[in-house]
Amino acid sequence: QMQLVESGGGLVQTGDSLALSCVVSGQSIIRSAMAWFRRAPGAEEREFVAFISRTSRTIFYSDSVRGRFTISRNNDFNRLRLQMNNLKPDDAGVYYCAARKSNGATSKENDYDYWGQGTQVTVSS
């Protein structure tokens with residue numbers, strides 16, 4: 001069983017940067033593909049943000065964050081990271097770290113088996 005804990009959220013201004021971290025315990029992430037999702041204020045569903053395969057060979061982003069966000073992982077330290085640059089008000093929300101038992105690339109929320117509790121990102125205009 002994996003436990004995921006996100007950190008690094010906060011209140012920033014438009015154009016600022018923020019780095020989110022996800023620390024995983026319980027088992028190694030080395031066999032798990034991972035991703036970041038977010039839930040915008042008032043939204044019912046989580047939105048895909050970024051995906052990274054277990055060896056970092058496959059990475060892809062949603063159209064809304066491509067070129068501004070960078071996902072990375074450190075399998076030795078069981079960590080996932082999301083560097084967010086040039087933040088916009090539309091980037092605000094609760095950001096979730098997710099892991100799946102297999103390595104297949106997917107942006108579908110239901111394909112992920114483990115989730116963190118989320119970290120809040122607020123972007124003022």
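Up top is the structure.
This report concerns the structure included in the present document.

Cut-offs used in this document
- Residues numbered from 1 in each chain as written.
- Predicted model: local features only at pLDDT ≥ 70, side-chain atom pairs only at ≥ 80, totals over all residues.
- Heavy atoms only, no water.
- Phe/Tyr/Trp six-rings, centres within 6.5 Å; stacked < 30°, edge-to-face > 60°.
- Helix = DSSP H or I, 4+ residues; strand = E, 2+ residues; numbered from the N terminus.
- Buried < 20%, exposed > 50% of the residue type's maximum accessible area, 1.4 Å probe, protein only.
- Lys NZ or Arg CZ within 6 Å of the ring centre and 35° of its normal.
- Disulfide = S-S within 2.5 Å.
- Contact = heavy atoms within 4.5 Å.
- Polar contact = N/O pair within 3.5 Å; in protein donor to acceptor, adjacent residues only side chain to side chain.
- Pairing = 2+ DSSP bridges.

Per the counting criterion, the structure on display carries seven aromatic pairs. With a centroid separation of 6.5 Å and 80 degrees between ring planes, the pair formed by Y96 and W115 is classed as edge-to-face. Of the two residues, Y96 sits in strand β9 (residues 93-99) while W115 sits in strand β10 (residues 114-115), which places them 19 residues apart along the sequence. Taking relative accessible area as the criterion, W115 reaches 22% and is therefore assigned partly exposed. Taken together, F37, F48, F51, F60, Y96, Y112 and W115 form an aromatic cluster joined through their ring pairs. Over the ring of W115 we find R46; its NZ or CZ atom is 3.7 Å from the centre of that ring. One cation-aromatic arrangement involves R100 over Y112; the distance from NZ or CZ to the ring centre is 6.0 Å.

Here we come to the state of the cysteines. Inspection of every chain in the model, using the stated rule, returns one disulfide. Disulfide pairing places C22 opposite C97 at an S-S distance of 2.1 Å. Judged by the torsion about the S-S bond (-70 degrees), the C22/C97 disulfide is left-handed. Placement of the pair is C22 in strand β3 (residues 18-25) and C97 in strand β9, with a sequence separation of 75 residues. For the pair C22 and C97, a shared accessibility class is recorded, and that class is buried.

What follows is about the environment of R81. Structurally, R81 can be placed in strand β8 (residues 79-84). By relative accessible area, R81 is classed as partly exposed at 38%. Residues R81 and A35 lie 46 residues apart in sequence; the distance between their C-alpha atoms is 9.6 Å. If we ignore the near neighbours within four places in the chain, the residues touching R81 are A19, L20, W36, T70, I71 and S72. Polar side-chain contacts of R81 include one of 3.0 Å to the side chain of Q83.

Let's shift gears to the pairing of β9. Where burial is concerned, most of β9 is hidden: seven out of the seven residues are buried. With six bridges connecting them, strand β4 (residues 34-39) and β9 associate as antiparallel partners. By the bridge assignment, F37 is partnered in β9 with Y96. Note: β9 against strand β11 (residues 119-124), three bridges, orientation antiparallel. What sits directly across from V94, in β11, is Q120.

Moving on: the side chain of S32. With respect to the helices and strands, S32 occurs in the loop between β3 and β4. Of the polar contacts made by the side chain of S32, one reaches the backbone oxygen of R100; its length is 3.1 Å. The residues contacting S32, other than those within four sequence positions of it, are M2, R54, R73, A99, R100 and S102.

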